[in-house]
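Letter by letter, the chains look like this.
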Amino acid sequence: MKGKVQSDFGEIMINPDVIVTYAGSVAVECFGIVGMAAVNIKDGLVRILKKDSLKHGINVRIEANDIYLDFHVIIAYGLNIATVAENLIEHVKYNLEAYTGMKVKGVRVIVEGVRTID
């Protein structure tokens, strides 16, 4: 479902791919996030995604013009996972709401692995 924003001139429709792409770029800027993760369910393998394919590590749902996101991330080794996840949630929520004009109602962070920073 597409997001809708009302303006004085009419209705603005936002494609979920736009939201996912922006959310991915915001997420990788967060301290402690090594990258987004792609999970091969068949093999149970996790791999880090390159910057141009970040949206494969994020799922978005738009319900009643509210945004719900799931992030599959790899976090830097040695950091507090809860703190990194909270930072990611706050950073993404603030930036997405400012960018789209829609409300972010839920962000779920699924930590798929940890990795040392190169």
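Rules and cut-offs
Residues numbered from 1 in each chain as written. Predicted model: local features only at pLDDT ≥ 70, side-chain atom pairs only at ≥ 80, totals over all residues. Heavy atoms only, no water. Helix = DSSP H or I, 4+ residues; strand = E, 2+ residues; numbered from the N terminus. Buried < 20%, exposed > 50% of the residue type's maximum accessible area, 1.4 Å probe, protein only. Contact = heavy atoms within 4.5 Å. Areas by Shrake-Rupley, 256 points an atom, 1.4 Å probe, with all protein chains shown as cover. Salt bridge = Lys/Arg side-chain N within 4 Å of Asp/Glu carboxyl O. Phe/Tyr/Trp six-rings, centres within 6.5 Å; stacked < 30°, edge-to-face > 60°. Patch = residues over 30% accessible without salt bridge, like charges linked within 9 Å, V, L, I, M, F, W, Y side chains within 5 Å. Expected span 1.5 Å × (residues − 1). Arc of directions from axis to C-beta. Polar contact = N/O pair within 3.5 Å; in protein donor to acceptor, adjacent residues only side chain to side chain. pLDDT = per-residue confidence, 0-100. Core = buried A, V, L, I, M, F, W, Y, C linked by side-chain atoms within 4.5 Å.

### A short note on the overall build of the protein
Next up, step 1: Helices and strands together make up the secondary structure of the protein, namely two helices and seven strands.
Next up, step 2: Each helix and strand of the protein, placed in order from N terminus to C terminus, yields the pattern β-β-α-β-β-β-β-α-β.
Next up, step 3: Out of the 118 residues belonging to the protein, those deemed buried represent 38%.
Next up, step 4: Of the contacts formed within the protein by residues at least 6 apart in sequence, a portion of 65% connects residues at least 24 apart.
Next up, step 5: Counting only carbon and sulfur atoms, one obtains 52% of the accessible surface of the protein, whose full area is about 7300 Å².

### So, the pattern of salt bridges
Next up, step 1: What the rule picks out here adds up to three salt bridges.
Next up, step 2: Among the ionic pairs, E63 bridges to R61, the shortest N-O distance being 3.0 Å.
Next up, step 3: D70 is the partner of R108 in a salt bridge, and the nearest nitrogen-oxygen pair spans 2.9 Å. Of this pair, R108 sits in strand β7 (residues 103-115) while D70 sits in strand β6 (residues 66-76), placing them 38 residues apart in sequence.

### Concerning the packing of aromatic side chains
Next up, step 1: Following the criterion strictly, the structure yields one aromatic pair and no others.
Next up, step 2: Here Y22 and Y99 contribute two aromatic rings whose centre-to-centre distance is 3.8 Å and whose plane-to-plane angle is 10°, an arrangement assigned as stacked. With Y22 in helix α1 (residues 16-27) and Y99 in helix α2 (residues 81-100), this residue pair connects regions lying 77 residues apart in the sequence.
Next up, step 3: A relative accessible area of 45% places Y99 in the partly exposed class.

### Topic: a nonpolar patch on the surface
Next up, step 1: Judged by side-chain polarity, Y77, I81, V111 and V114 come together as a nonpolar surface patch covering roughly 380 Å² of accessible area.
Next up, step 2: By the element assignment, V111 lies in strand β7.
Next up, step 3: When its relative accessible area of 32% is taken as the criterion, V111 is described as partly exposed.

### Here we look at α1
Next up, step 1: Here α1 is 12 residues long and its end C-alpha atoms lie 16 Å apart, about the 16 Å a rise of 1.5 Å per residue gives.
Next up, step 2: Listing the buried residues of α1 in full gives P16, I19, V20, A23, G24, V26 and A27. Take α1 and look down its axis: the buried residues cluster within an arc of 160°, on one side only.
Next up, step 3: N-capping of α1 is provided by N15, with a side-chain oxygen placed 2.9 Å from the backbone N of D17.

### Topic: the confidence of the model for the protein
Next up, step 1: Across the protein, the average pLDDT comes to 84, with 84% of residues at 70 or higher.
Next up, step 2: Confidence, expressed as mean pLDDT per element, reaches its minimum in the protein at strand β4 (residues 45-48) with 56 and its maximum at α2 with 95.

### A word on unusual backbone geometry
Next up, step 1: Phi at A64 takes a positive value of approximately 50°, unusual for a residue other than glycine.
Next up, step 2: The exposed category is assigned to A64, whose relative accessible area is 69%.
Next up, step 3: Non-glycine residue N65 carries a positive phi angle of around 65°.

### A word on the nonpolar core
Nonpolar side chains tend to gather and get buried jointly when the protein is soluble and globular.
Next up, step 1: Grouped together as the largest cluster of nonpolar side chains are 24 residues, with contacts concentrated most on I19, L69, F71, L88 and V92.
Next up, step 2: Those elements that provide at least two residues to this core are α1, β3 (33-40), β5 (58-63), β6, α2 and β7.
Next up, step 3: For I19, the residues in contact, after removing those within four places along its chain, are I14, V60, I62, I67, L69, L96, T100 and M102.

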